[in-house]
Each structure stands twice: as structure tokens, then as C-alpha cells.
Amino acid sequence: MKKYASQSQITLAICTLALSIITTGCSDDSIDVSQSEPKPTPPIESVKPKEALGFNLTPVYELSLDAATKYQQSTRLLHESVNHLCSQYSDASIKAAQDAWLSTMQSWMALQGREKGSEEALALSWQVQFWPDKKNTTGRKLKQLLQSDKTFTSQGIADQSVVVQGLGAAEWFLFKEQKQLSQANYCQLAVAITGHMVQTATDLVSEWKHNPWQTLPTPLALGEYLGALNNQLDYTLKKLTRPMGKPGNPKPYQAEAWRSQTSMVSLKASVEALHQLYLANGKGLNALLIKEGHEITANRINQRFELLLADWPQEKSMGSLLKTKAGYRELINVFNGLEYIQLALHDDVAAELGIVMGFNATDGD
């Protein structure tokens, strides 16, 4: 446990020192938090268990199917709320549609960045979310579609770029151009986009109805499970470190959900989803560690998740936190907590359970 405490303290000390120069600016050789972004977890080559542990991935599969189903339900509510907004434009209907979008966004976090499971389902993730959108590509492309005088259907949106097909496109309408939804052409395109989101979510559920791990040998299942956790954690860390950039030179438009100013809400939902994946309804990695005699490691990881979520910043917008030293320090604390979990999963869990891991899907190899 000491090695994690010392590393977190070193990270915090370095970043805190860098914070002292926020008000005076940073030179090119300043500490860049985005460069401190944990590299994709390297493979574990040296752990050769005498007898590989078997693991039943059914609880993880059930969790994934449930997440896909909830996302599908939330997209339907979003589509209905946008339809209602377009038929009865008012401040109340705008607020209802915005709330529906927030619910949809949070439900997607359970599957975002997983990179393990059904290949067909994973391929659909491109249609669900385009991120990062630091150059407002989504907004510019939607403006072009609006100027084309074409009438779009949900199927027509499927033939367009992925940047206008998912959550980011719906967010643009509801949080940046909501006043324009009183106009027929804006509403028609927004309804077509949310309708396409429903179809994508329906396809996602259909793909997840088949257990992708059903024929996977049980000795390999545990590595697949830990790989899913690592991939999703890598993705979550990127959502944090990319916008942080250098102290004094943050990159707020690389934050997720910057248009709705709810990037910290979605980031918290990602951490909550990671925690649930780790627990898997009492049948996941936490339970396995305890069963195999590694209760200290299990409790340490579980408690770190709980503490991280309990101490979560109150500010909903990462952009707001990036403007002050105190806010930046809060983000560093979140980074330290996530890094601690990542190191524990890779260094302790893999070794204690004898898991031989390959490259993450985020390696690009």
C-alpha cells in the first residue's frame, strides 16, 4: 500500500508546484498533465500461474446487457421529449428535453470505452458518441445540414457522418441552439437525429442479447474481465487529463459535454460505472479477490472507489474548475484516485490472481 501512497503524493506535489505558476503563465517546458496521462497499461508477461483461475463472465454479461437496455430506454425518452418540444415549444419543454439528454448521456457511460465484448456492439459506439470535439466539428457539420434545405429522416442521418449521429449532436441542439428549436428546420433535424439514436440503441441491445463470452474458455475469462476494466479506466482517465493540459493552459474544449457544461457529471457517471463493473452485483472481481484470500486488496480498491465518489467536486463543469488553482487541484485529486485504482488493478490484482494480460484495445497495436 505504501507504494501507491507515495506515488500519489509525488504526483500531487509536482502538480501542486506547477499550480503556483498558473497566474503568471507557463512556458513550453511546463509540466503537462495531459502528458502525465497514464499510458495504455503494458502487458503482463512474467506472471505464469501454476493453475489459471476460471471465472464465469455471466454476471459481467448481464451487467452489459442491462446497461444497453437502459441506454435504449433513455434514448426513447429523449426522442419523445424532443418531439414534444417541437410540438409545444416552451421553457418547460426545453428543460424536459435537456434533462432527458443528461439521463441518456449518463446511461451511456456504463458502456463507454469498454472495448471488450460483442464486436458488433462495440462497432456501434462510433454512432453513439463523437469525442473529443475540440474544434466544434459537430456544430459546423450540423450548420451545413441546416443550410442544405434537405428533409432528413432517421435513416437519412444514418448515411451522414458520425459527428451528427449521436449524443454530441443532440447536445448541440438542446444546449447551444435551443432557442432555434422554435424553427421547423431545426426541429426536423433534431427529431431525425434522436430517432436515429433510438435505432442505434435498439441495434446495440440486439447485439448484446448474445453473450459474446459464452464459448470463451474459463481460464481466459478473467483476463478478458480485467482487460475490460483497464480499457474503460484508461478511457476515463483520458476524459480527465486531455482537458487539464498544462497548468495555466488547459484545453476546456477537449472536455466531454462542454456544451452542456456537465463534463464532471458524465465523468462521475463513468467512475460509478467502473465501480459497478468491478463489483458486478457481488459476483465480480471484488468477490473473487476475497474468495482467493486477497481481501486487503479487494477492500483497498473498493474503498478508493467509494472515497473518490464521496469527495467528488461539486462543480458540474470541468471548464469552471480549470479556471482556478483550487479547481485544478480538485481535478488532480480525482486523477490521483483513478491512477491509484489503475496501479492496483495492474500491479496487485493481476499478480495475485495470476492473470496474463495482453495489450489493451487502446494501444493501437
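Everything numeric here is computed off the predicted structure, so don't read it as measured data.

Once that is clear, we can look at the state of the cysteines. Tallied over the full model, the rule gives one disulfide. The disulfide that involves Cys86 links it to Cys187, with 2.0 Å between the sulfurs. Taking the sign of the S-S torsion, -100 degrees for the link of Cys86 and Cys187, the bridge is left-handed. Of this pair, Cys86 sits in helix α2 (residues 58-87) while Cys187 sits in helix α9 (residues 184-208), and the two are 101 residues apart along the sequence. Classification of Cys86 by relative accessible area gives partly exposed; the value is 26%.

A word on the side chain of Glu177. Of note, Glu177 is situated in the loop between α8 (167-176) and α9. For the buried residue Glu177, which engages in no salt bridge, the nearest side chain bearing the opposite charge is Lys143, 4.1 Å off. Once residues within four sequence positions are removed from consideration, Glu177 is found in contact with Lys143, Trp172 and Tyr186.

What follows deals with the packing of helix α6 (residues 137-147) against α9. Contact geometry of α6 with α9 gives a least axis separation of 10 Å together with a crossing angle of 120 degrees. Considering their axes alone, α6 and α9 lie oblique with respect to each other. As for how α6 packs across α9, the hand of that crossing is right-handed. Across the interface between the two elements, Leu142, Lys143, Leu145 and Leu146 of α6 pack against Asn185, Tyr186, Leu189 and Ile193 of α9. Here the residues of the contact of α6 with α9 are counted per class, giving six nonpolar, one polar and one charged.

A few words on unusual backbone geometry. Residues Trp131 and Pro132 are joined by a peptide bond in cis, for which omega reads 0 degrees. Tracing the chain through its elements places Pro132 in the loop between α5 (125-128) and α6. The backbone of Asp149 shows a phi angle near 60 degrees, a positive value even though the residue is not glycine. Among the structural elements, Asp149 can be located in the loop between α6 and α7 (154-158). Residue Asp149 is classed as exposed on the basis of its relative accessible area of 72%. One non-glycine residue, Ala280, lies in positive phi territory at about 50 degrees.

The next thing to look at is the layout of surface pockets. Its boundaries defined by the atoms lining it, the largest pocket holds a volume of some 550 Å³. Contributing to the lining of the largest pocket are 22 residues, with Gly113, Glu115, Ser125, Trp126 and Tyr235 lying nearest its centre. Residue composition of the lining of the largest pocket, grouped by class: 13 nonpolar, five polar and four charged.

Here we take up the side chain of Ser107. Tracing the chain through its elements places Ser107 in helix α3 (residues 91-108). Among the residues examined, Ser107 registers a relative accessible area of 16% and is labelled buried. At 2.7 Å, the side chain of Ser107 and the backbone oxygen of Thr104 are in polar contact. Apart from residues no more than four positions distant in its own chain, Ser107 is found in contact with Ala67, Lys70, Tyr71 and Ser74.

A large share of α8 lies buried, amounting to nine of its 10 residues. If you check which residues of α8 are buried, you get Leu167, Gly168, Ala169, Ala170, Glu171, Trp172, Phe173, Leu174 and Phe175. Lining the buried residues of α8 we find α2, α3, α5, α6 and α9.

Turning our attention to the nonpolar core. Ranked by internal contacts, the top residues of the largest apolar core, which has 94 residues, are Tyr225 and Leu285. With sequence-adjacent residues up to four places away left out, Leu285 is seen in contact with Leu222, Tyr225, Leu226, Leu229, Tyr278, Leu345, Val349 and Leu353.

What counts and what doesn't
- Residues numbered from 1 in each chain as written.
- Predicted model: local features only at pLDDT ≥ 70, side-chain atom pairs only at ≥ 80, totals over all residues.
- Heavy atoms only, no water.
- Disulfide = S-S within 2.5 Å.
- Helix = DSSP H or I, 4+ residues; strand = E, 2+ residues; numbered from the N terminus.
- Buried < 20%, exposed > 50% of the residue type's maximum accessible area, 1.4 Å probe, protein only.
- Lys, Arg positive; Asp, Glu negative; His and termini not counted.
- Salt bridge = Lys/Arg side-chain N within 4 Å of Asp/Glu carboxyl O.
- Contact = heavy atoms within 4.5 Å.
- Axes fitted to C-alpha atoms, helices over the stretch in contact; angles between N-to-C directions.
- Parallel < 35°, antiparallel > 145°, perpendicular 65-115°, else oblique.
- Left-handed = near helix turned anticlockwise from the far one by under 90°.
- Nonpolar A, V, L, I, M, F, W, Y, C, P; charged D, E, K, R; others polar.
- 1 Å grid on protein atoms, 1.4 Å probe; cavity = no way out; pocket = protein on both sides within 12 Å on 5 of 7 lines; lining within 4 Å.
- Points joined across faces, edges and corners; volume = space filled by probe spheres on them.
- Polar contact = N/O pair within 3.5 Å; in protein donor to acceptor, adjacent residues only side chain to side chain.
- Core = buried A, V, L, I, M, F, W, Y, C linked by side-chain atoms within 4.5 Å.

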